[in-house]
Amino acid sequence: MAKTYEIGLEIPANKAWSAISQKFGAAGQWTSLLKGSWMEGDVAVGGRRVCEQLNGNRAEERIVRLDQAAMILEYELTEGGPPILKSASNTWAVIALGPNRSKVVMRPSLRLKWWATPLQPLLWFGLNRDLPKVLEEFRYWAEKGEAHPRKQALAARN
């Protein structure tokens, strides 16, 4: 199961791509869904990002595609996912819309274990709630160079 989410940005595509690709390990600085994140290794195919979740658990992701020319980055969850998942991956792409405008497209793909398929609507309910917020927070960070107020409030509480 996969769905596409997207958001327009008022910055050039190369700036949006830099925020995604070069700063892949920094997601914990801008999204309110994570306490923190960092790279173990380079931002390259095979590089691993560790994400510290709000509940204290950790997830690890591995970059499986990094296409600088096409501005596409794909990664897969390798550890720390919920037990209902068979596999999970996500693709981010940047599309130029003009000299100072771009669009970011995110396409998560999730496969549930056979016994968890009745939970699929619940999973998509959560993603449809959270992923537009992730893109909104990314846009704020990429355009303004600082964390979204939602992330700032979360950081102040911790």
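This structure is a prediction, so every number in the text was calculated from the model and none was measured. Here the residue index of a chain counts from 1 through its sequence in written order. Note on the predicted model: pLDDT of at least 70 is required for a residue's local features to be given, and 80 or more for side-chain atom pairs to be given and counted; whole-chain, interface and lining totals, by contrast, use all residues. Only hydrogens and water are set aside when side-chain values are computed; all heavy atoms of the structure are taken into account.

A.B. asks: Give me unusual backbone geometry: which residues, what numbers.
C.D. replies: Phi is positive for M71, which is not a glycine, with a value near 55°. With respect to the element layout, M71 can be found in the loop between β4 (58-67) and β5 (72-79). The secondary structure listing takes helices from DSSP runs of H or I that are at least 4 residues long and strands from runs of E that are at least 2 residues long, numbered from the N terminus.

A.B. asks: For the pattern of salt bridges, give the residues involved together with the corresponding values.
C.D. replies: Any Lys or Arg side-chain nitrogen located within 4 Å of an Asp or Glu carboxyl oxygen qualifies as a salt bridge. Summed over the entire model, instances satisfying the criterion amount to ten salt bridges. Notably, a salt bridge pairs R48 with E40, separated by 2.4 Å at the nearest N-O pair. Using a 1.4 Å probe on the protein chains alone, a residue whose accessible area is under 20% of its type maximum counts as buried, one over 50% counts as exposed, and one in between counts as partly exposed. With a relative accessible area of 28%, R48 lands in the partly exposed category. Given a relative accessible area of 36%, E40 falls into the partly exposed group. Its salt-bridge partner being E136, residue R150 comes within 3.5 Å of it at the nearest N-O pair. Of the two residues, R150 is situated in helix α4 (residues 149-157) and E136 in helix α3 (residues 120-144); the sequence distance between them amounts to 14 residues. Bridged by salt links that share partners, the residues E40, R48 and E60 form one connected network.

A.B. asks: Which residues make up the packing of aromatic side chains, and what are the values?
C.D. replies: Stacked, tilted and edge-to-face pairs are distinguished by plane angle, under 30 degrees for stacked and over 60 for edge-to-face with tilted covering the rest, among Phe, Tyr and Trp rings (Trp via its six-membered ring) whose centres lie within 6.5 Å. For the structure on display, the rule yields six aromatic pairs. Both rings, one in W92 and one in F138, keep their centres 5.4 Å apart while their planes meet at 70°; by these two values the pair is edge-to-face. Residue W92 is located in strand β6 (residues 85-98), and its partner F138 is located in helix α3; the two are separated by 46 residues in the primary sequence. Accessibility expressed as a relative area gives 7% for W92, which makes it buried. Overall, the relative accessible area of 1% leaves F138 in the buried class. Its guanidinium or amino end placed over the ring of F24, R49 lies 3.8 Å from that ring's centre, counting from NZ or CZ. The residue whose ring lies beneath R49 is Y75, and the NZ or CZ to ring-centre distance is 5.0 Å. As a reminder, the over-ring test applies to NZ of lysine and CZ of arginine, requiring each to be within 6 Å of the ring centre and within 35 degrees of the ring normal.

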